[in-house]
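What follows is each chain in one-letter form.
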Amino acid sequence: FEKPWYAQYGMDVDFVGHPLLDAIEQEGRTPLTALPGDDGRPVVALLPGSRRQEIARMLPLMVQVAKRFPQQRFVLAAAPSVPPEVYAEGTGEAPITVVSGRTYDVLRTARAALVTSGTATLETALFGVPEAVCYSGSALNVWIAKRLVDIKFISLVNLIMDREVVRELIQSDLTVESLSMELEDLLADGPYRQRMVQALAQLREQLGGPGASAKVASAVWKSL
């Protein structure tokens, strides 16, 4: 039995789970209302980020990919903090439905997702949605980050599982072609998709299920 990494520092730690699971379980109790423009096609969720710089980098790529998949319906989960015109400018005339403030509804409906690296990658995974993780930053920032941080992955999903569960397309690897090829694999009913779905279920189990907030309260109460 290998001791957890924090044991070498003499820390007494209790893992109680992740609060996202509480939010997601609560969302699951709410009836799902149809998203605007529902036409029966399988939904691909687009989560280009919540900051303007992220959106400016990620959305044009996602738009080009969407144009290659007319059999899918692309729904962009817009952050309420971002003005609608930012998304309108990025999507233009592309066949993409923009839905604000209903990210979890979009994920509950989605068959696959293209997600900018961040908390949204974990949220998507906890809904069991196969995804591709995208990231493109300034060359200088990436150069600095590689010298300051020594990690194998950037997505929360892969970091938690300590292996590649979802594909990370970063910097020069992130192209319209590579993203399109990955989306094809995510949508197909093949072993690649099946393995990812199984791994995402394992991720959810590894995070301990819902009830993190109650467990924290109980642990604090007992310590007092």
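Structure shown above.
Criteria and cut-off values
- Residues numbered from 1 in each chain as written.
- Predicted model: local features only at pLDDT ≥ 70, side-chain atom pairs only at ≥ 80, totals over all residues.
- Heavy atoms only, no water.
- Pairing = 2+ DSSP bridges.
- Helix = DSSP H or I, 4+ residues; strand = E, 2+ residues; numbered from the N terminus.
- Axes fitted to C-alpha atoms, helices over the stretch in contact; angles between N-to-C directions.
- Contact = heavy atoms within 4.5 Å.
- Buried < 20%, exposed > 50% of the residue type's maximum accessible area, 1.4 Å probe, protein only.
- Polar contact = N/O pair within 3.5 Å; in protein donor to acceptor, adjacent residues only side chain to side chain.
- Salt bridge = Lys/Arg side-chain N within 4 Å of Asp/Glu carboxyl O.
- 1 Å grid on protein atoms, 1.4 Å probe; cavity = no way out; pocket = protein on both sides within 12 Å on 5 of 7 lines; lining within 4 Å.
- Points joined across faces, edges and corners; volume = space filled by probe spheres on them.
- Nonpolar A, V, L, I, M, F, W, Y, C, P; charged D, E, K, R; others polar.

*Asks:* Whenever I open this one, the sheet that holds strand β2 (residues 73-78) confuses me. Can you help?
*Replies:* Two modes of strand pairing occur in sheets, parallel and antiparallel, and in both the strands are linked by backbone hydrogen bonds. With parallel pairing, 6 strands are arranged side by side in an open sheet as β3-β2-β1-β4-β5-β6. Each having just a single partner strand, β3 (96-100) and β6 (167-170) make up the two edges of the open sheet. For this sheet, the mean inter-axis angle between neighbouring strands, taken without regard to orientation, is 25°. Two strands pair when backbone bridges link them, and β2 and β3 are joined in this way by 5 bridges, in the parallel orientation. Within β3, the position partnered with Val-75 by the bridge is Thr-97. Of the strands in this sheet, β1 (43-47), β2, β3, β4 (110-116) and β5 (131-135) touch helix α2 (residues 52-66), which is tilted by about 145° from β4.

*Asks:* Any chance you could explain the side chain of Glu-182 here in plain terms?
*Replies:* One can find Glu-182 in helix α8 (residues 176-187). For Glu-182, a relative accessible area of 2% gives the class buried. For Glu-182, the side chain forms a polar contact with the side chain of Tyr-192, separated by 2.5 Å. Each residue touching Glu-182, except ones within four places of it in the same chain, is listed here: Ala-132, Arg-167, Leu-169, Tyr-192 and Met-196.

*Asks:* In this structure, what is going on with the pattern of salt bridges? I would like to understand it.
*Replies:* Oppositely charged side chains are able to pair whenever their charged atoms sit close together. Under the defined criterion, the tally for this structure stands at 10 salt bridges. The partner of Glu-164 in a salt bridge is Arg-167, with the nearest N and O atoms 4.0 Å apart. Residue classification places Arg-167 among the partly exposed positions, given a relative accessible area of 31%. Linked through salt bridges whose partners overlap, the residues forming this network are Asp-39, Arg-41 and Arg-73.

*Asks:* I keep staring at the environment of Phe-153 and nothing clicks. Help me out?
*Replies:* When you line up the elements, Phe-153 lands in the loop between α6 (139-148) and α7 (156-161). Look at Phe-153 and you get buried, because its relative accessible area is 14%. Considered as a pair, Phe-153 and Arg-167 are 14 residues apart in the sequence and their alpha carbons are 9.9 Å apart. Filtering out sequence-adjacent residues up to four positions away, Phe-153 remains in contact with Asn-158, Leu-159, Asp-162, Arg-163, Glu-164 and Glu-168.

*Asks:* Would you take a moment to explain the layout of surface pockets for this structure?
*Replies:* Where empty space is left becomes clear once a probe the size of a water molecule has been rolled over the atoms. Looking at the second largest pocket, its volume works out to about 290 Å³. Around the second largest pocket sit 17 residues that line it, and Leu-47, Gly-49, Ser-50, Ala-120 and Glu-123 are the ones nearest its centre. Elements that contribute at least two residues to the lining of the second largest pocket include exactly β2, α4 (103-109) and α5 (119-126). The biggest single contributor to the lining of the second largest pocket is α5, with 3 residues. Here the lining of the second largest pocket is built from residues that sort into 7 nonpolar, 7 polar and 3 charged.

*Asks:* It is not clear to me how unusual backbone geometry should be interpreted in this structure. Could you clarify?
*Replies:* Peptide bonds are trans in most cases, and residues, glycine excluded, mostly fall at negative phi. For Asp-162, which is not glycine, the phi torsion reads 60° and is therefore positive. Tracing the sequence through the fold places Asp-162 in the loop between α7 and β6. If you check the backbone angles, Gln-171 has positive phi at about 50° while not being a glycine. By the element assignment, Gln-171 lies in the loop between β6 and α8. A residue is classified by how much of its surface remains accessible, and Gln-171, at 23% relative accessible area, is partly exposed.

*Asks:* I'm lost on α5 in this one. Help?
*Replies:* The periodicity of an α-helix, 3.6 residues per turn, causes residues three or four places apart in sequence to face the same way. In terms of residue burial, α5 counts as a mostly covered element, since 7 of its 8 residues are buried. Just downstream of α5 lies Gly-128, where phi reads positive at about 75°.

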